[in-house]
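Chain by chain, the residues run as shown.
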Amino acid sequence: IVAQVFVYGFFTSLQYTSMNTLAYADIGASQTSSASTIASTMQQISFSFGLALASLATSFYLDGRPQSDHDAVTTALHHGFLTLAAITFVSSASFWALRRDDGESVSRGTAQAA
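Residues numbered from 1 in each chain as written. Predicted model: local features only at pLDDT ≥ 70, side-chain atom pairs only at ≥ 80, totals over all residues. Heavy atoms only, no water.

**Some words on the overall build of the chain**
In terms of regular secondary structure, the chain is built from three helices and zero strands. Ordering the α and β elements of the chain from the N terminus gives α-α-α. Over its C-alpha atoms the chain spans a radius of gyration of 19 Å, topping by over 25% the 13 Å that the globule rule assigns to 114 residues. Dimensions along the principal axes, computed over C-alpha positions, put the chain at roughly 55 × 30 × 30 Å. Counting over 114 residues, the chain shows a buried share of 11%. Restricting to contacts in the chain with at least 6 residues of sequence separation, those with at least 24 account for 40%. Total accessible area on the chain stands at roughly 9200 Å², and carbon and sulfur atoms take up 65% of it. The average position of the 4 basic charges and that of the 7 acidic charges among the side chains of the chain differ by 9 Å. (Helix = DSSP H or I, 4+ residues; strand = E, 2+ residues; numbered from the N terminus. Rg over C-alpha atoms; globule rule 2.2 N^0.38 Å. Buried < 20%, exposed > 50% of the residue type's maximum accessible area, 1.4 Å probe, protein only. Contact = heavy atoms within 4.5 Å. Areas by Shrake-Rupley, 256 points an atom, 1.4 Å probe, with all protein chains shown as cover. Lys, Arg positive; Asp, Glu negative; His and termini not counted. Charge placed at Lys NZ, Arg CZ, Asp CG, Glu CD.)

Below, the structure is given as structure tokens:
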């Protein structure tokens with residue numbers, strides 16, 4: 001469990017660092033405050049929608065069975081997690097839209113030509 005938590009924490013931190021770096025990469029100094037507000041708001045909205053979607057998916061898989069049925073709840077949670085994993089995987093396709101030079105201003109111009 002310790003290794004699993006470590007790996008999860010590593011990739012979560014990597015994701016936040018990467019996304020926040022890109023969020024501020026091409027923003028001028030005068031717009032940094034606004035960019036920070038928008039980025040924080042989007043993260044909170046994402047958390048809220050993720051929690052709501054997780055609840056809906058689990059409820060869908062529970063299919064009206066009582067929550068006292070531990071086997072049904074465990075199965076519904078497993079299916080809910082797998083559904084969210086699939087949605088997360090599909091949503092990561094949005095990063096394919098990034099251009100090679102996006103974020104170059106924070107990489108000190110070290111991007112290699114294709």
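**Some remarks on the packing of aromatic side chains**
Scanning the entire structure with this criterion turns up three aromatic pairs. Judged by centre distance (5.1 Å) and plane angle (80°), the ring pair of Phe10 and Phe11 falls under edge-to-face. According to the relative accessible area criterion, Phe10 is partly exposed, its value standing at 45%. Taking relative accessible area as the criterion, Phe11 reaches 49% and is therefore assigned partly exposed. Ring centres 5.3 Å apart and planes at 75° place the aromatic pair Phe60 and Tyr61 in the edge-to-face group. (Phe/Tyr/Trp six-rings, centres within 6.5 Å; stacked < 30°, edge-to-face > 60°.)

**As for the layout of surface pockets**
The volume enclosed by the largest pocket comes to roughly 1400 Å³. Lining the largest pocket we find 34 residues, and of these Gln15, Met19, Ser46, Thr88 and Ser91 sit closest to its centre. Broken down by secondary-structure element, the contributors of at least two residues to the lining of the largest pocket are helix H1 (2–25), helix H2 (32–62) and helix H3 (70–91). Among the elements that take part in the lining of the largest pocket, H1 stands out by supplying 13 residues, more than any other. Looking at the lining of the largest pocket, its residues break down into 20 nonpolar, twelve polar and two charged. (1 Å grid on protein atoms, 1.4 Å probe; cavity = no way out; pocket = protein on both sides within 12 Å on 5 of 7 lines; lining within 4 Å. Points joined across faces, edges and corners; volume = space filled by probe spheres on them. Nonpolar A, V, L, I, M, F, W, Y, C, P; charged D, E, K, R; others polar.)

**Structural notes on unusual backbone geometry**
In this model, Asp63 sits at a positive phi of 50°, which is unusual for a non-glycine residue. Along the polypeptide, Asp63 turns up in the loop between H2 and H3. Given a relative accessible area of 60%, Asp63 falls into the exposed group.

**Re the packing of H2 against H3**
The geometry of a pair of packed helices is captured by two quantities: the angle between their axes and the separation between those axes. One way to put it is that H2 packs onto H3 with a least axis distance of 8 Å and a crossing angle of 135°. When the axes of H2 and H3 are compared, the pair comes out oblique. Classified by chirality, the crossing of H3 by H2 is right-handed. In contact with Gly50, Leu53, Ala54, Ala57, Thr58, Tyr61 and Leu62 of H2, H3 contributes Ala72, Val73, Ala76, Leu77, His79, Gly80, Thr83, Leu84 and Ile87. (Axes fitted to C-alpha atoms, helices over the stretch in contact; angles between N-to-C directions. Parallel < 35°, antiparallel > 145°, perpendicular 65-115°, else oblique. Left-handed = near helix turned anticlockwise from the far one by under 90°.)

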